[in-house]
Amino acid sequence: MTELILALDLLDRKQAARVAESCAPFIDAVKVGYPLVLATGLSIVDDLSGLGLPLIADFKVADIPNTNRLISEAVFSAGFDAIIAHGFVGADAARACVEVAHNHGGAAYIVAEMSHPGATEFFHGGVAERLATLAVSCRADGIIAPATRPDRISRLREIVGEKTIYSPGVGAQGGDLDTVARLVDGVIVGRSIYEAEDPAAEAERLSRIRR
Ligand code: BMP
(Lines give C-alpha, C1' and ligand atoms only; values in the text may rest on other atoms or scores of the structure.)
Protein backbone atom coordinates (compact mmCIF):
# COMPACT_ATOMS: atom_id res chain seq x y z
CA MET A 1 0.00 0.00 0.00
CA THR A 2 1.35 3.39 -0.93
CA GLU A 3 1.84 5.56 2.13
CA LEU A 4 -0.05 8.81 2.56
CA ILE A 5 2.13 11.50 4.13
CA LEU A 6 0.55 14.70 5.38
CA ALA A 7 2.57 17.85 4.63
CA LEU A 8 1.63 19.94 7.65
CA ASP A 9 2.43 23.41 6.29
CA LEU A 10 0.24 25.31 8.71
CA LEU A 11 1.38 28.29 10.77
CA ASP A 12 -0.83 27.97 13.80
CA ARG A 13 0.26 25.43 16.41
CA LYS A 14 -3.22 24.53 17.60
CA GLN A 15 -4.63 24.22 14.10
CA ALA A 16 -1.69 22.08 13.04
CA ALA A 17 -2.11 19.74 16.00
CA ARG A 18 -5.88 19.57 15.41
CA VAL A 19 -5.54 18.75 11.70
CA ALA A 20 -2.83 16.16 12.31
CA GLU A 21 -4.82 14.51 15.06
CA SER A 22 -8.01 14.30 13.03
CA CYS A 23 -6.15 12.90 9.99
CA ALA A 24 -3.98 10.49 11.98
CA PRO A 25 -6.15 7.39 11.44
CA PHE A 26 -5.84 7.81 7.65
CA ILE A 27 -2.19 8.81 7.19
CA ASP A 28 1.16 7.04 7.58
CA ALA A 29 3.48 9.93 8.47
CA VAL A 30 3.58 13.68 8.99
CA LYS A 31 6.04 15.92 7.15
CA VAL A 32 6.98 19.11 8.99
CA GLY A 33 8.87 21.87 7.21
CA TYR A 34 10.06 25.41 7.72
CA PRO A 35 6.62 27.08 7.72
CA LEU A 36 5.43 25.25 10.84
CA VAL A 37 8.76 25.02 12.66
CA LEU A 38 9.59 28.69 12.12
CA ALA A 39 6.15 29.62 13.43
CA THR A 40 6.14 27.34 16.46
CA GLY A 41 9.69 26.23 17.18
CA LEU A 42 11.00 22.69 17.29
CA SER A 43 8.76 21.99 20.28
CA ILE A 44 5.96 21.32 17.77
CA VAL A 45 7.45 17.83 17.74
CA ASP A 46 6.22 17.37 21.31
CA ASP A 47 2.69 18.26 20.21
CA LEU A 48 2.81 15.74 17.36
CA SER A 49 4.70 12.87 18.96
CA GLY A 50 1.54 11.56 20.64
CA LEU A 51 0.09 10.72 17.22
CA GLY A 52 2.32 7.67 17.07
CA LEU A 53 3.25 8.45 13.46
CA PRO A 54 6.72 8.94 11.96
CA LEU A 55 7.66 12.63 11.80
CA ILE A 56 9.69 13.71 8.78
CA ALA A 57 11.76 16.91 9.02
CA ASP A 58 11.65 18.54 5.61
CA PHE A 59 14.46 21.05 6.02
CA LYS A 60 16.05 20.23 2.65
CA VAL A 61 19.40 20.45 4.37
CA ALA A 62 22.05 21.87 2.01
CA ASP A 63 25.25 22.93 3.73
CA ILE A 64 28.81 21.76 4.32
CA PRO A 65 29.19 18.37 6.00
CA ASN A 66 29.83 19.75 9.49
CA THR A 67 26.81 22.06 9.42
CA ASN A 68 24.65 19.33 7.91
CA ARG A 69 25.72 17.09 10.78
CA LEU A 70 24.84 19.74 13.39
CA ILE A 71 21.44 20.36 11.79
CA SER A 72 20.71 16.64 11.58
CA GLU A 73 21.70 16.07 15.22
CA ALA A 74 19.30 18.84 16.28
CA VAL A 75 16.53 17.34 14.16
CA PHE A 76 16.84 13.83 15.57
CA SER A 77 17.43 15.03 19.13
CA ALA A 78 14.15 16.96 18.85
CA GLY A 79 12.37 13.69 18.16
CA PHE A 80 12.04 13.55 14.37
CA ASP A 81 12.25 10.14 12.72
CA ALA A 82 13.51 11.18 9.30
CA ILE A 83 15.16 14.07 7.49
CA ILE A 84 15.08 15.37 3.91
CA ALA A 85 18.33 16.75 2.50
CA HIS A 86 19.54 18.13 -0.81
CA GLY A 87 22.14 16.20 -2.75
CA PHE A 88 23.50 18.96 -4.98
CA VAL A 89 25.88 20.01 -2.19
CA GLY A 90 27.83 16.81 -2.79
CA ALA A 91 28.12 13.28 -1.49
CA ASP A 92 30.14 14.21 1.60
CA ALA A 93 27.50 16.68 2.79
CA ALA A 94 24.55 14.41 1.98
CA ARG A 95 26.30 11.49 3.64
CA ALA A 96 26.63 13.53 6.86
CA CYS A 97 22.82 13.68 7.10
CA VAL A 98 22.48 9.99 6.28
CA GLU A 99 25.02 8.97 8.92
CA VAL A 100 23.39 11.02 11.67
CA ALA A 101 19.97 9.67 10.69
CA HIS A 102 21.17 6.08 10.82
CA ASN A 103 23.01 6.62 14.11
CA HIS A 104 19.67 7.69 15.57
CA GLY A 105 17.82 4.76 14.01
CA GLY A 106 16.14 7.18 11.59
CA ALA A 107 15.97 7.68 7.84
CA ALA A 108 17.28 10.22 5.34
CA TYR A 109 15.86 11.09 1.95
CA ILE A 110 17.61 13.03 -0.81
CA VAL A 111 15.77 15.38 -3.16
CA ALA A 112 16.32 14.02 -6.67
CA GLU A 113 13.91 16.26 -8.58
CA MET A 114 11.41 18.83 -7.38
CA SER A 115 7.78 19.12 -8.41
CA HIS A 116 7.30 22.79 -9.31
CA PRO A 117 7.55 24.04 -12.93
CA GLY A 118 10.86 25.85 -12.35
CA ALA A 119 12.51 22.62 -11.24
CA THR A 120 13.02 21.69 -14.88
CA GLU A 121 15.50 24.58 -15.28
CA PHE A 122 18.14 22.80 -13.21
CA PHE A 123 17.07 19.25 -12.42
CA HIS A 124 16.69 18.14 -16.05
CA GLY A 125 19.55 17.31 -18.39
CA GLY A 126 20.87 14.51 -16.21
CA VAL A 127 21.04 16.29 -12.85
CA ALA A 128 18.15 14.41 -11.23
CA GLU A 129 19.65 11.13 -12.40
CA ARG A 130 22.97 12.10 -10.80
CA LEU A 131 21.23 13.04 -7.57
CA ALA A 132 19.41 9.71 -7.49
CA THR A 133 22.71 7.93 -8.08
CA LEU A 134 24.27 9.96 -5.27
CA ALA A 135 21.41 8.98 -2.95
CA VAL A 136 22.16 5.32 -3.65
CA SER A 137 25.91 5.74 -3.14
CA CYS A 138 25.37 7.64 0.13
CA ARG A 139 23.14 4.83 1.39
CA ALA A 140 20.22 7.21 1.77
CA ASP A 141 16.91 5.50 2.46
CA GLY A 142 15.29 7.00 -0.57
CA ILE A 143 14.60 10.00 -2.75
CA ILE A 144 12.02 12.72 -3.31
CA ALA A 145 10.63 12.75 -6.86
CA PRO A 146 7.86 14.81 -8.49
CA ALA A 147 4.26 13.64 -8.62
CA THR A 148 3.79 16.26 -11.32
CA ARG A 149 6.03 14.24 -13.71
CA PRO A 150 5.25 10.50 -13.48
CA ASP A 151 7.60 9.76 -16.40
CA ARG A 152 10.47 11.21 -14.38
CA ILE A 153 9.53 9.06 -11.38
CA SER A 154 9.74 5.98 -13.58
CA ARG A 155 13.16 7.05 -14.85
CA LEU A 156 14.43 7.68 -11.30
CA ARG A 157 12.98 4.34 -10.14
CA GLU A 158 15.34 2.62 -12.62
CA ILE A 159 18.24 4.18 -10.71
CA VAL A 160 17.15 3.75 -7.08
CA GLY A 161 15.56 0.30 -7.46
CA GLU A 162 13.87 -0.79 -4.25
CA LYS A 163 14.73 2.35 -2.33
CA THR A 164 11.86 4.45 -1.08
CA ILE A 165 10.42 7.13 -3.36
CA TYR A 166 8.31 9.77 -1.69
CA SER A 167 6.46 12.04 -4.05
CA PRO A 168 4.98 15.51 -3.46
CA GLY A 169 2.86 17.39 -5.96
CA VAL A 170 -0.45 15.51 -5.82
CA GLY A 171 -3.57 17.67 -5.85
CA ALA A 172 -2.76 21.36 -5.44
CA GLN A 173 0.21 21.12 -7.83
CA GLY A 174 -1.70 19.05 -10.38
CA GLY A 175 -0.30 15.56 -9.79
CA ASP A 176 -2.77 12.69 -10.10
CA LEU A 177 -2.88 10.43 -7.05
CA ASP A 178 -4.01 7.33 -8.90
CA THR A 179 -1.23 7.54 -11.48
CA VAL A 180 1.52 8.34 -9.02
CA ALA A 181 0.50 5.91 -6.28
CA ARG A 182 1.39 3.02 -8.58
CA LEU A 183 4.93 4.30 -9.00
CA VAL A 184 6.02 5.39 -5.53
CA ASP A 185 6.18 4.23 -1.93
CA GLY A 186 4.48 7.30 -0.54
CA VAL A 187 2.64 10.39 -1.71
CA ILE A 188 3.12 13.67 0.17
CA VAL A 189 -0.06 15.76 0.26
CA GLY A 190 -0.51 19.13 1.92
CA ARG A 191 -3.08 21.68 0.78
CA SER A 192 -5.59 19.18 -0.63
CA ILE A 193 -5.95 17.87 2.90
CA TYR A 194 -5.38 20.75 5.29
CA GLU A 195 -7.31 23.31 3.20
CA ALA A 196 -10.26 20.96 2.76
CA GLU A 197 -13.44 21.80 4.62
CA ASP A 198 -13.07 18.49 6.44
CA PRO A 199 -9.35 17.51 6.40
CA ALA A 200 -9.98 14.13 8.02
CA ALA A 201 -12.64 13.23 5.45
CA GLU A 202 -10.30 14.24 2.62
CA ALA A 203 -7.43 12.23 4.12
CA GLU A 204 -9.74 9.25 4.40
CA ARG A 205 -10.85 9.66 0.79
CA LEU A 206 -7.25 9.84 -0.43
CA SER A 207 -6.25 6.88 1.70
CA ARG A 208 -8.99 4.82 0.05
CA ILE A 209 -8.06 5.58 -3.56
CA ARG A 210 -4.32 5.08 -3.23
CA ARG A 211 -3.05 1.61 -4.13
P1 BMP B 1 1.08 20.66 -1.37
O2 BMP B 1 0.39 19.29 -1.46
O3 BMP B 1 0.32 21.64 -0.56
O4 BMP B 1 1.52 21.17 -2.70
O5 BMP B 1 2.43 20.42 -0.49
C6 BMP B 1 3.52 19.71 -0.98
C7 BMP B 1 4.58 19.65 0.08
O8 BMP B 1 5.72 18.97 -0.42
C9 BMP B 1 5.08 21.00 0.57
O10 BMP B 1 5.46 20.85 1.93
C11 BMP B 1 6.32 21.25 -0.27
O12 BMP B 1 7.27 22.06 0.39
C13 BMP B 1 6.86 19.82 -0.43
N14 BMP B 1 7.63 19.59 -1.66
C15 BMP B 1 7.08 19.81 -2.90
O16 BMP B 1 5.94 20.24 -3.04
N17 BMP B 1 7.84 19.56 -4.00
C18 BMP B 1 9.12 19.09 -3.94
O19 BMP B 1 9.72 18.87 -4.97
C20 BMP B 1 9.67 18.84 -2.68
C21 BMP B 1 8.90 19.09 -1.54
O22 BMP B 1 9.40 18.83 -0.36
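Up top is the structure.
Everything numeric here is computed off the predicted structure, so don't read it as measured data. (Residues numbered from 1 in each chain as written. Predicted model: local features only at pLDDT ≥ 70, side-chain atom pairs only at ≥ 80, totals over all residues. Heavy atoms only, no water.)

Some points on the site of the ligand
No. 1: In the vicinity of the ligand there are 14 residues, among which Asp9, Lys31, Lys60, Ser115 and Arg191 approach most closely.
No. 2: At 3.1 Å, a side-chain N or O of Asp58 approaches an oxygen atom of the ligand.
No. 3: For the ligand, whose accessible area on its own is 470 Å², the fraction buried by protein is 88%.
No. 4: When atoms are counted within 2 Å of each cavity's grid points, the one that captures over half of the ligand is the largest pocket.
No. 5: Looking at the shell around the ligand, its residues break down into 6 nonpolar, 3 polar and 5 charged. (Near = heavy atom within 4 Å. Polar contact = N/O pair within 3.5 Å; in protein donor to acceptor, adjacent residues only side chain to side chain. Areas by Shrake-Rupley, 256 points an atom, 1.4 Å probe, with all protein chains shown as cover. 1 Å grid on protein atoms, 1.4 Å probe; cavity = no way out; pocket = protein on both sides within 12 Å on 5 of 7 lines; lining within 4 Å. Sits in = over half its atoms within 2 Å of the grid points. Nonpolar A, V, L, I, M, F, W, Y, C, P; charged D, E, K, R; others polar.)

Side note on the sheet that holds strand E1 (residues 3–7)
The strands making up a sheet associate through hydrogen bonds between their backbones, and the pairing can be parallel or antiparallel.
No. 1: Pairing within the closed barrel is parallel, and its 8 strands lie in the order E1-E2-E3-E4-E5-E6-E7-E8. When the angles between neighbouring strand axes are averaged without regard to direction, this sheet yields 25°.
No. 2: With 3 bridges joining them, strand E6 (residues 142–144) and strand E7 (residues 164–168) adopt parallel strand pairing. Of the residues in E7, the one forming a bridge with Gly142 is Thr164.
No. 3: Against the sheet, helix H8 (residues 150–160) contacts E6 and E7, and its axis sits at roughly 160° relative to E7. (Pairing = 2+ DSSP bridges. Helix = DSSP H or I, 4+ residues; strand = E, 2+ residues; numbered from the N terminus. Axes fitted to C-alpha atoms, helices over the stretch in contact; angles between N-to-C directions. Contact = heavy atoms within 4.5 Å.)

Comments concerning the pattern of salt bridges
No. 1: A full pass over the atoms with the stated rule returns 11 salt bridges.
No. 2: With its nearest N and O atoms 2.9 Å apart, the salt bridge here joins Lys60 to Asp58.
No. 3: The exposure class assigned to Asp58 is buried, which follows from its relative accessible area of 7%.
No. 4: Notably, a salt bridge pairs Arg157 with Asp185, separated by 3.0 Å at the nearest N-O pair. Taken together, the residues Arg157 in helix H8 and Asp185 in the loop between helix H9 (177–181) and strand E8 (186–189) connect sequence positions 28 residues apart.
No. 5: Take Arg157: its relative accessible area is 22%, and that puts it in the partly exposed class.
No. 6: Look at the salt bridges and you will find they share partners, linking Glu113, Glu129, Arg149, Arg152, Arg155 and Glu158 into a network. (Salt bridge = Lys/Arg side-chain N within 4 Å of Asp/Glu carboxyl O. Buried < 20%, exposed > 50% of the residue type's maximum accessible area, 1.4 Å probe, protein only.)

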